Amino acid sequence: MLLRSAVTSLLLWPALPFLAAAPDHFSLSAEKVSAFEAEIRPLFQSYCYGCHGAEKQSSGLRFDILDAHRLSAIDTDTLHHTRDVLTFEEMPPRDADLQITTTDRQILLDWVTGALTETTIQRRELESQPRLRRLSVREYNNTLRDIFNAPAEFSSLLPPDPISEKGFDTAHDLLMISQIDLRIFMESARIALDKYMHLGEASGQKEYFLAEIEDIYHHCRFRGETRAKQLAPAAVSEAEFLKMRADRTGAPVIYRDRNYGPLPFGHIPEGNTPGVDEGNGFARLHSQYLLVKTKQRAGEVVVRVHAAATRGADGTYPRMRLESGRRAFQNMKVINAGEYDVTAPKADPGTYTFRFRIENALQVVPGSEDDKDLEHLFFAISNVARNENGILAASIDGQEDLSLYRSGEGIPGALVSQARSATRQTEAALAAWEAAQTNYLHLDAIEVEILPARNDPHNPWILTAPDTPESEPIIAREALDSLLPKIFRRPVTENEFKRYYDVYEQQRMDGLDFKSALSDAFVAAMASPSFLYIGKPAEDLEHAESLAYASKLAYFLWASPPDERLVAIAASGRLKDRAVLAAEIDRMLDDPKSKRFSATFVEQWLDLRKLGEVTFDYELYPEYGPELAALTKRQTIETFQAVFHAGGDARQLYRSDSTLLNNLLARHYGLPPVEGGDLRMVPTPQTRQAGGILTHASILAINSDGKQSHPIKRGTWLLEKILYEPPPPPPPAVPDLDPTSIDTRHLSLKDRIELHREQHGCVSCHERIDPWGIAFEEFDATGRWRDAGSLPYPIDSTTRLPDGTELAGAAELAGYMLDVKEGEMMRAIAKGMMTYATGAELDILDDQEVDRLLAAFRESGYNLKHLAGTIAQTRKFDEFINESQPTAHYTVTHEQPTAHAH
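Rules behind the numbers
Residues numbered from 1 in each chain as written. Predicted model: local features only at pLDDT ≥ 70, side-chain atom pairs only at ≥ 80, totals over all residues. Heavy atoms only, no water. Helix = DSSP H or I, 4+ residues; strand = E, 2+ residues; numbered from the N terminus. Buried < 20%, exposed > 50% of the residue type's maximum accessible area, 1.4 Å probe, protein only. Contact = heavy atoms within 4.5 Å. Areas by Shrake-Rupley, 256 points an atom, 1.4 Å probe, with all protein chains shown as cover. Salt bridge = Lys/Arg side-chain N within 4 Å of Asp/Glu carboxyl O. Axes fitted to C-alpha atoms, helices over the stretch in contact; angles between N-to-C directions. Parallel < 35°, antiparallel > 145°, perpendicular 65-115°, else oblique. Left-handed = near helix turned anticlockwise from the far one by under 90°. Nonpolar A, V, L, I, M, F, W, Y, C, P; charged D, E, K, R; others polar. Pairing = 2+ DSSP bridges. Polar contact = N/O pair within 3.5 Å; in protein donor to acceptor, adjacent residues only side chain to side chain. Patch = residues over 30% accessible without salt bridge, like charges linked within 9 Å, V, L, I, M, F, W, Y side chains within 5 Å. Lys, Arg positive; Asp, Glu negative; His and termini not counted. Charge placed at Lys NZ, Arg CZ, Asp CG, Glu CD. Phe/Tyr/Trp six-rings, centres within 6.5 Å; stacked < 30°, edge-to-face > 60°. Core = buried A, V, L, I, M, F, W, Y, C linked by side-chain atoms within 4.5 Å. Expected span 1.5 Å × (residues − 1). pLDDT = per-residue confidence, 0-100.

### Quick word on the overall build of the protein
Scanning the protein for helices and strands turns up 30 helices and 20 strands. The 902 residues of the protein split such that 53% are buried. Taking the intrachain contacts of the protein between residues at least 6 apart in sequence as the baseline, contacts between residues at least 24 apart amount to 76%. Accessible surface, the protein: about 39200 Å² in total, of which carbon and sulfur atoms supply 50%.

### Section: the pattern of salt bridges
Under the defined criterion, the tally for this structure stands at 49 salt bridges. Two residues, R248 and E212, come together in a salt bridge whose shortest N-O distance is 2.6 Å. One end of the pair, R248, is in helix α9 (residues 238-248); the other, E212, is in strand β5 (residues 207-212), and 36 residues separate them in sequence. R311 is the partner of E675 in a salt bridge, and the nearest nitrogen-oxygen pair spans 3.1 Å.

### Looking at the packing of helix α20 (residues 594-605) against helix α28 (residues 822-838)
Remark: α20 packs on α28, axes separated minimally by 11 Å, with the N-to-C direction vectors making an angle of 110°. In terms of orientation, α20 and α28 fall into the roughly perpendicular class. Between α20 and α28 lies a crossing whose hand is right-handed. Judged by residue contacts, F597, T600, F601, Q604 and W605 of α20 engage A828, I829, G832, M833 and Y836 from α28. Among the residues making up the contact of α20 with α28, the classes are represented as seven nonpolar, three polar and no charged.

### Here we look at the sheet that holds strand β14 (residues 440-452)
With respect to topology, four strands assemble into an open sheet ordered β5-β14-β8-β11, the strand pairing being antiparallel. The open sheet has two edge strands with one neighbour each: β5 and β11 (350-357). Strand-to-strand twist across the sheet, computed as the mean angle between neighbouring axes with direction ignored, equals 20°. By the bridge criterion, eight bridges tie strand β8 (residues 299-310) to β11 in an arrangement that is antiparallel. In the sheet register, V305 faces β11, and the bridge partner there is Y352. In the packing of α9 onto the sheet, the strands contacted are β5, β8 and β14, and the crossing angle to β5 comes to about 25°.

### Focus on the environment of P412
In this fold, P412 is placed in the loop between β13 (386-387) and α12 (413-435). For the pair formed by P412 and L402, sequence separation is 10 residues and the distance between their alpha carbons is 9.8 Å.

### Observations regarding the pairing of strand β7 (residues 288-293)
Of all six residues in β7, five are buried; the element is thus mostly enclosed. Across six bridges, the pairing between β7 and strand β12 (residues 376-383) is antiparallel. Residue pairing across strands places L290 opposite F379, the latter belonging to β12.

### Overview of helix α30 (residues 864-871)
Among the eight residues of α30, eight are classified as buried, and the element is accordingly described as predominantly covered. Of all the positions in α30, only L864, K865, H866, L867, A868, G869, T870 and I871 are classed as buried. In this structure, the buried residues of α30 make contact with α17 (544-557), α19 (578-590), α20, α21 (626-645), α28 and α29 (847-859). One side-chain oxygen of the residue at the start of α30 lies 2.9 Å from the amide nitrogen of K865, identifying that residue as N863.

### Describing a negative patch on the surface
Taken together, the side chains of D77, E165, D173 and E841 present a region of like negative charge at the surface. Within the fold, D77 resides in helix α4 (residues 73-87). With a relative accessible area of 51%, D77 lands in the exposed category.

### A closer look at unusual backbone geometry
For Y724, which is not glycine, the phi dihedral falls at a positive 55°. Inspection of the secondary structure puts Y724 in the loop between α24 (711-722) and α25 (749-759). Backbone geometry at Y862 places phi at a positive 55°, although glycine is not the residue there. As for its position among the elements, Y862 is in the loop between α29 and α30.

### Examining the packing of aromatic side chains
According to the stated counting rule, one finds 35 aromatic pairs in the structure shown. The interplanar angle of 20° and the centroid separation of 5.8 Å between the aromatic rings of F148 and F154 together place this pair among those described as stacked. Per residue, the accessibility class of F148 equals that of F154, and both read buried. Taking 5.5 Å as the distance between ring centres and 50° as the angle between the ring planes, the aromatic pair formed by Y501 and Y504 counts as tilted. Highlighted residues: Y501 and Y504, both in helix α14 (residues 494-509), separated by three residues, approximately one helical turn. Within the aromatic cluster, the residues linked to one another by ring pairs are F168, Y549, F556, F597, F601, W605, F640, F644, Y836 and F877.

### Regarding the packing of α17 against α19
In the contact formed by α17 and α19, the axes pass within 10 Å of each other and the chain directions differ by 30°. Compared by their axis directions, α17 and α19 come out roughly parallel. In this structure, α17 crosses over α19, and the sense of that crossing is right-handed. Counted together, Y549, L553, A554 and L557 of α17 and L581, I585, M588 and L589 of α19 form the full contact between these two elements. For the contact of α17 with α19, the residue count by class is eight nonpolar, no polar and no charged.

### Description of the side chain of E472
Here E472 shows up in helix α13 (residues 471-488). Here R508 takes part through its side chain, which lies 2.8 Å from a polar atom of the side chain of E472. Dropping the residues within four chain positions of it, E472 is found in contact with P466, Y504, R508 and F514.

### Examining the nonpolar core
Counting 99 residues, the largest nonpolar core has F556, W605, Y654, I722, L813, M817 and L864 as the members making the most contacts within it. Among the nonpolar cores identified, the runner-up in size contains 52 residues, and Y140, A453, L463 and A479 belong to it.

### As for helix α6 (residues 137-148)
The end-to-end C-alpha distance of α6, which contains 12 residues, comes to 17 Å, matching closely the 16 Å that a straight helix rising 1.5 Å per residue would cover. Among the residues of α6, V137, R138, E139, Y140, N141, N142, T143, L144, I147 and F148 are the ones counted as buried.

### Considering the confidence of the model for the protein
In the predicted model, the protein carries a mean pLDDT of 85, and 86% of its residues have values of at least 70. The low-confidence segment residues 5-12 (pLDDT under 50) makes 16 contacts with residues lying over four places distant or belonging to another chain. Across residues 14-20, confidence stays below pLDDT 50; counting only partners more than four residues off in sequence or on other chains, it has 12 contacts.

### Overview of the environment of L807
Along the chain, L807 turns up in strand β20 (residues 806-808). When the C-alpha positions of L807 and S797 are compared, they lie 8.3 Å apart, and in sequence the two are 10 residues distant. What L807 contacts, discounting residues up to four positions off in sequence, is S797, T798, T799, L801, E812, L813 and Y816.

Written out as structure tokens, the structure is:
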């Protein structure tokens, strides 16, 4: 059943002040219209009509049809672009027959700025209601994690959020709710309550498992799968578990070595592409599989693996990965529960601990067919250290166990063929691996503990079970009184309490059992605007605006609800005290939860999500795959976080004498080896990565086509994200650059781009874009350095920027940008973070506040933490709390780090 109280919940929605539709046109003042006809139109005619008139519309822009009496939304976009190019003196182009005078440029700029100010005021008047938006999917997930005190996945049913033009998922004009969306939110809440709301005392009882690796049956197909389930360890009591553990103490260690080495360098085969993927038993060659018998669907899992290592001849250690989930024959659906570099010697094996949620691993909907048939939790332990001599072969244990067939019983020929093929491939791979003395993972034993959610003493949804009909309303009231404030992120009014108690009471009268009726009341609360929307002040509640601000602040800095302390301060009205507010912001920025903000912001600001949208050619880049791509993305995110959370200087992002690396990333970049699989800061003076994040593989890869480097994409990205000066969109029907053309194959990519833009009349825009991207031509589509001679055409990264500066390569570009474009780069970060925080595009009326924000940012030494805290104290973020000061300055209390920036 989708939701028993669906109709009731829909009726509980009060009217929401949704944003008014944008006007289809704007009217300028008589003064502006008169000035346009007398002075501005002739200037447009002189300087602009040639390229943007009736006969030609470069970049899709047209000035001859501008009507100052009635400006359309397209017209205002044209004026915004005009303001940008006039400000940066990019138009008319340098090769135009008629160059604009300084006086005419200022006349145009003043009129355009005034016209845009008038249209923006008109638009804002229609948006006089407070900005409201619903929780984004990630915020919803974090909110339910907080409510249920469980780091589980709660948003699997929800569709992805719409993304704004700037790349953010916080845009208030996009995050609305339809009735279909509402029902999905209600179903998600229902599933969560079914998992976590229980009646009766929490016992704290766990399920315990302990298995010696040599005792585990290990085949995973057909009859082998059935046999593995039959022999899977069952849970034992705590006393039995402790005895088994004690019996191991001092006993000889027996390793079960499966002879599966580390992963090879190169593409990990997945699928059935002949010659590429054929013969693979599993995507990775695991050292051990394990099933344990359990019917649990929610709770914490703790796994301890006893393991040791033989170090490779190249000095590397094995890296142990634990995956867990569910499987059926050859198909696995698992999560990565963690990884460790295993360094313990065989004589003294180490213990490596993993923690995860069983509901994240199993990913089943309660009551579904997958749920009904599921009786086991699956584990896979593997050595994922990369090595050129790693095994690339079919897994024998991914084949059928032919010994399970009875004597005389015919074995299907396909199974025999697969087993023989797997044996041949593995033996050949093992020979090369052993000869090279590659690192080796030795497995001794595994311990598993499962604490079911219904037995977790920290689960706030363990409710007293009613023992009489008279006790039911008492328990229901206590539960609602305790949990509704957690759901609404603030105190609850009497009317609100009555509304949801009435839902419980009505459902109980309609014949539902106590737990279901109470669950319906909570589902209704979690489908209400007070839960799903951020920034909505409650009616009839003292300090409602402060409480609404506290919620906005928490979702900005934590991507999750305010904690009890912040709610208490807001409920007392003390957030209006500037010193109190500044102290709370500092506390929140120093809390580990702020890492959610830093990770999300940098991913969205730099468009790193696009990494999953680029399809790379594995024949051209055999060592590049999804795991390496994900690692490069982590490098960029954690680089930003390292600067942000140390209160560092934002300029460190663009030039630093150290970078985050592990062994695989160092190999990709062609840098000296780095020990281990964990990312760590490594000194890299005067390296190919001198451009900081600009030369990160993640950035260069998202701005490629998966085969070739792409100077146009790289230049466009740099202008949009790093300088906040987006070029106009390309005109329609212009063909892409053809890198395979026989006629141009001998030319450098820079020369081919120049030929391409001249052929298609795109010179003016490309003169602004291409020079920035050409500087990165030393890096291929995956962000790897390429030396001269690696391509059939010359590599030419010399470039001439629009201001005439000549540079050679990305390192010189990074230096130029910090020396010449520092202000623009810092403004871009400030405007990007402000857009993310407020959920609103910045307009011309925000310019003064942005200027004040940038001044505070500069005074702080471009301290990123300070920037986030100052944004929270702008009127753009919240007019009620910040009405007394347009932009507040506050003192950062943490110690300043030593900057790496030169």
